[in-house]
Amino acid sequence: MAFDTHMRRGHPIVFSLIMFFSIIELAISAWLTSRFNAHNNYFSLDERDRTRFLLFTSIWTVVFSGLYMFFFFSLPDTVMASVASHIFFLFITWVFWTAGAASITATLGGGLNCTTQNVFVYCGQLNALEGFAWVIWLLVTFAIFVVLIRGILAARRGDGMRGPLIA
Ligand SMILES: *[C@@H]1O[C@H](CO)[C@@H](O)[C@H](O)[C@H]1NC(C)=O
């Protein structure tokens, strides 16, 4: 079935991209967090806490995307690699990125113009933090959408949500 072929190829591509951008986001948020801890030069507590939350979300996403790639390839018939398990993981991750990306965007008032603003230190890094958060949000949104379609097809065929991603 064509959908399975796309799933077999698409899963590692999409999960690798999510991991790749999460590692970048992890690096930026870890760097900012260490600066804020060392110099207390955040503009507001919101800015500091939301950066920390993005650090947590990046670590969460790197660890679990790696695990899910492992489940998908090495343990495809187990409950961990099932449609339901993917929906569970992707939904929690989607909530984290929605909260993280939206809240840092609100803190920065959209995006910063680094030539005119003089409120935030690390202007370029903060814009990158926001930008990559939305990139990851888009990828996770796409992934959950595809897995949901797979779940609906599987349910129609009678496999149910506990079945594997690939029939
Ligand atoms: C940022 O502000 C400068 C100076 O007002 C302006 O020339 C530039 O176009 C602005 N950049 C963006 C992306 O809005």
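Residues numbered from 1 in each chain as written. Predicted model: local features only at pLDDT ≥ 70, side-chain atom pairs only at ≥ 80, totals over all residues. Heavy atoms only, no water.

**Section: the overall build of the protein**
- Secondary structure summary: the protein contains 4 helices and 0 strands in total.
- What you see in the protein, going N to C, is helices and strands ordered as α-α-α-α.
- Here the C-alpha coordinates of the protein stretch approximately 60 × 25 × 20 Å along the principal axes.
- Within the protein, the proportion of its 167 residues that are buried is 41%.
- Sequence separation of 24 or more characterises 77% of the internal contacts of the protein that already satisfy a separation of 6 or more. (Helix = DSSP H or I, 4+ residues; strand = E, 2+ residues; numbered from the N terminus. Buried < 20%, exposed > 50% of the residue type's maximum accessible area, 1.4 Å probe, protein only. Contact = heavy atoms within 4.5 Å.)

**Brief notes about the packing of aromatic side chains**
- Within this structure, the stated rule accounts for 21 aromatic pairs.
- Consider the rings of Trp 60 and Phe 64, whose centres lie 4.4 Å apart with planes at 40 degrees: the pair is tilted. One end of the pair, Trp 60, and the other, Phe 64, are both in helix 2 (residues 45-74), 4 residues apart, so they sit about a helical turn from each other.
- The class of Phe 64 is partly exposed, set by a relative accessible area of 27%.
- Consider the rings of Trp 134 and Trp 137, whose centres lie 5.5 Å apart with planes at 75 degrees: the pair is edge-to-face. Taken together, the residues span about one helical turn, with Trp 134 and Trp 137 both in helix 4 (residues 123-157) at a distance of 3 residues.
- Under the relative-accessibility criterion, Trp 134 is labelled partly exposed at 29%.
- Of the aromatic side chains, those joined through ring pairs into one cluster are Phe 15, Phe 53, Phe 56, Trp 60, Phe 64, Tyr 68, Phe 70, Phe 71, Phe 89 and Phe 96.
- Across the ring face of Tyr 42, the terminal group of Arg 48 is positioned such that the distance to the ring centre comes to 5.2 Å. (Phe/Tyr/Trp six-rings, centres within 6.5 Å; stacked < 30°, edge-to-face > 60°. Lys NZ or Arg CZ within 6 Å of the ring centre and 35° of its normal.)

**With respect to the side chain of Glu 25**
- As for its placement among the helices and strands, Glu 25 is situated in helix 1 (residues 2-39).
- Salt bridges are absent for the buried Glu 25, whose nearest opposite-charge side chain, Arg 50, sits at 13 Å.
- In this structure, Glu 25 is in contact with Leu 54, Ser 58, Trp 97, Ala 128, Leu 129, Phe 132, Ala 133 and Ile 136, ignoring residues within four places of it in sequence. (Lys, Arg positive; Asp, Glu negative; His and termini not counted. Salt bridge = Lys/Arg side-chain N within 4 Å of Asp/Glu carboxyl O.)

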